[in-house]
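Take a look at the letters that make up each chain.
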Amino acid sequence: NWKMIKGATGFSLGIKSDGTLWGWGDNVWGQLGDSTYLGKLIPTQVNTDTTWDLISTGHRHVLAIKKNGTLWAWGENLWGELGMNDTISRNFPVQIGIDTSWKEVSGGYNFSVAIKNDGTLWAWGHNDHGQLGDGSYVNHLVPTQIGTDTNWKSISSGQYHLLALKNDNTIWTCGA
C-alpha cells in the first residue's frame, strides 16, 4: 500500500504505508537515495528506515520529512538545493540541520522551500529568478527564513517560481 508518490524528471519516489521509502527510474545524480548511481526499472527500497512521512521531488533532487519532523535531502546539489552549506551532490539521504519542526517541503528546479510548524517560510538553492522570495538574486546554501511572517499554510514550487498560501487563503508568488 502506497501512502504517497512523487515524480520528477525521469525518476519517482514513494512512501509505503509502513513508512518505507522506495525509488525507481533515473539515478544519475543519486536522486533515488540508495547510495548508488544506477537507475532502477522497478520500485526499489532506499534503506531500511520506516519513519519517512512526506517527500517532494525537485528537478534532480529529493527532499523528505520524517515522522519526527527532521528534514532530509539527496541528489543533485550544484546550486545548494540540498541545504547542506555546500554544492556536493549526495546519493543517500542526509539530514539538513538538527531542527525537528519541519511541516512541509517542496523541491523546484535547483531550489527548495519549506514551512516549519511555527508557520515560517524557508528557502535555499538557486535564486537566479528571485524564486526564493527574499528580494534578491543571491543563492542560499542553507535553509534561510524568508520574511518574518508566521502564517504560511502551504507551498508549491514551479520551475523558476514559488507559490505560497497563507492561513488567510491569500496566494503569494515570486520568481519567473
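None of these values were measured; they are calculated from a predicted model.

Here the focus is the overall build of the protein chain. Looking only at helices and strands, one finds 0 helices and 15 strands in the protein chain. For the protein chain, whose C-alpha radius of gyration is 15 Å, the value lies close to the compact-globule estimate of 16 Å for 176 residues. The burial tally for the protein chain puts 51% of its 176 residues in the buried class. Sequence-distant contacts, at least 24 apart, represent 43% of the contacts inside the protein chain between residues at least 6 apart. Accessible surface, the protein chain: about 7900 Å² in total, of which carbon and sulfur atoms supply 56%.

The strand order β1-β2-β3-β4 describes an open sheet built from 4 strands, whose pairing is antiparallel. Each of the sheet's edge strands pairs with one partner strand only, and the pair in question is β1 (2–7) and β4 (40–45). On average, adjacent strands in this sheet sit at an angle of 15 degrees to one another, irrespective of strand direction. Two elements, strand β2 (residues 11–16) and strand β3 (residues 21–25), share 5 bridges in a ladder whose sense is antiparallel. Bridging from a neighbouring strand, Ser12 pairs with Trp24 of β3.

This next bit is on the sheet that holds strand β6 (residues 61–66). Read from one edge of the open sheet, 4 strands run β5-β6-β7-β8, paired in antiparallel fashion. Each edge of the open sheet carries a strand with a single partner, namely β5 (52–57) and β8 (90–95). Mean inter-strand twist for the sheet, computed between neighbouring axes without regard to direction, equals 20 degrees. Pairing between β6 and strand β7 (residues 71–75): 5 bridges, direction antiparallel. Paired with His61 across the two strands is Gly75, which belongs to β7.

Below, the discussion takes up the side chain of Glu76. With respect to the element layout, Glu76 can be found in the loop between β7 and β8. Non-local contacts of Glu76, meaning those with residues more than four positions away in its chain, are made with Trp29, His59, Arg60, His61, Glu81, Leu82, Ser89 and Asn110.

In this section: the nonpolar core. Ranked by internal contacts, the top residues of the largest apolar core, which has 14 residues, are Leu71, Ile96, Val105 and Trp124. For this core, the elements supplying multiple residues, two or more each, are β6, β7, β9 (102–107) and β11 (121–125). Those residues within four positions of Ile96 in sequence are excluded, and the remaining contacts are Leu63, Leu71, Trp72, Ala73, Leu82, Gly83, Met84, Trp124 and Pro143.

Let us look at the layout of surface pockets. Size it by volume and the largest pocket reaches roughly 150 Å³. Looking at the largest pocket, the residues that line it are Leu121, Gly133, Ile146, Gly147, Thr148, Asp149, Trp152, Leu162, Ala164, Trp172, Thr173 and Cys174. Among the elements of the structure, β14 (161–166) and β15 (171–175) are those that each provide at least two residues to the lining of the largest pocket. Broken down by element, the lining of the largest pocket gets its largest block of residues, 3 residues, from β15. Counted by class, the lining of the largest pocket contains 7 nonpolar, 4 polar and 1 charged residues.

In this structure the tally under the stated criterion is 8 aromatic pairs. Consider the rings of Trp102 and Trp122, whose centres lie 6.0 Å apart with planes at 75 degrees: the pair is edge-to-face. Separated by 20 residues along the polypeptide, Trp102 in strand β9 and Trp122 in strand β11 bring together distant segments of the chain. Accessibility assignment for this pair places Trp102 and Trp122 in one class, buried. Members of the aromatic cluster, joined through ring pairs, are Trp2, Trp22 and Trp24. When the ring centre of Trp2 is taken as reference, the NZ or CZ atom of Lys16 above it lies at 5.2 Å. Of note, Lys66 hangs over the ring of Trp72, and the distance from its end group to the ring centre comes to 3.9 Å.

Reading the values: the criteria
Residues numbered from 1 in each chain as written. Predicted model: local features only at pLDDT ≥ 70, side-chain atom pairs only at ≥ 80, totals over all residues. Heavy atoms only, no water. Helix = DSSP H or I, 4+ residues; strand = E, 2+ residues; numbered from the N terminus. Rg over C-alpha atoms; globule rule 2.2 N^0.38 Å. Buried < 20%, exposed > 50% of the residue type's maximum accessible area, 1.4 Å probe, protein only. Contact = heavy atoms within 4.5 Å. Areas by Shrake-Rupley, 256 points an atom, 1.4 Å probe, with all protein chains shown as cover. Pairing = 2+ DSSP bridges. Axes fitted to C-alpha atoms, helices over the stretch in contact; angles between N-to-C directions. Core = buried A, V, L, I, M, F, W, Y, C linked by side-chain atoms within 4.5 Å. 1 Å grid on protein atoms, 1.4 Å probe; cavity = no way out; pocket = protein on both sides within 12 Å on 5 of 7 lines; lining within 4 Å. Points joined across faces, edges and corners; volume = space filled by probe spheres on them. Nonpolar A, V, L, I, M, F, W, Y, C, P; charged D, E, K, R; others polar. Phe/Tyr/Trp six-rings, centres within 6.5 Å; stacked < 30°, edge-to-face > 60°. Lys NZ or Arg CZ within 6 Å of the ring centre and 35° of its normal.

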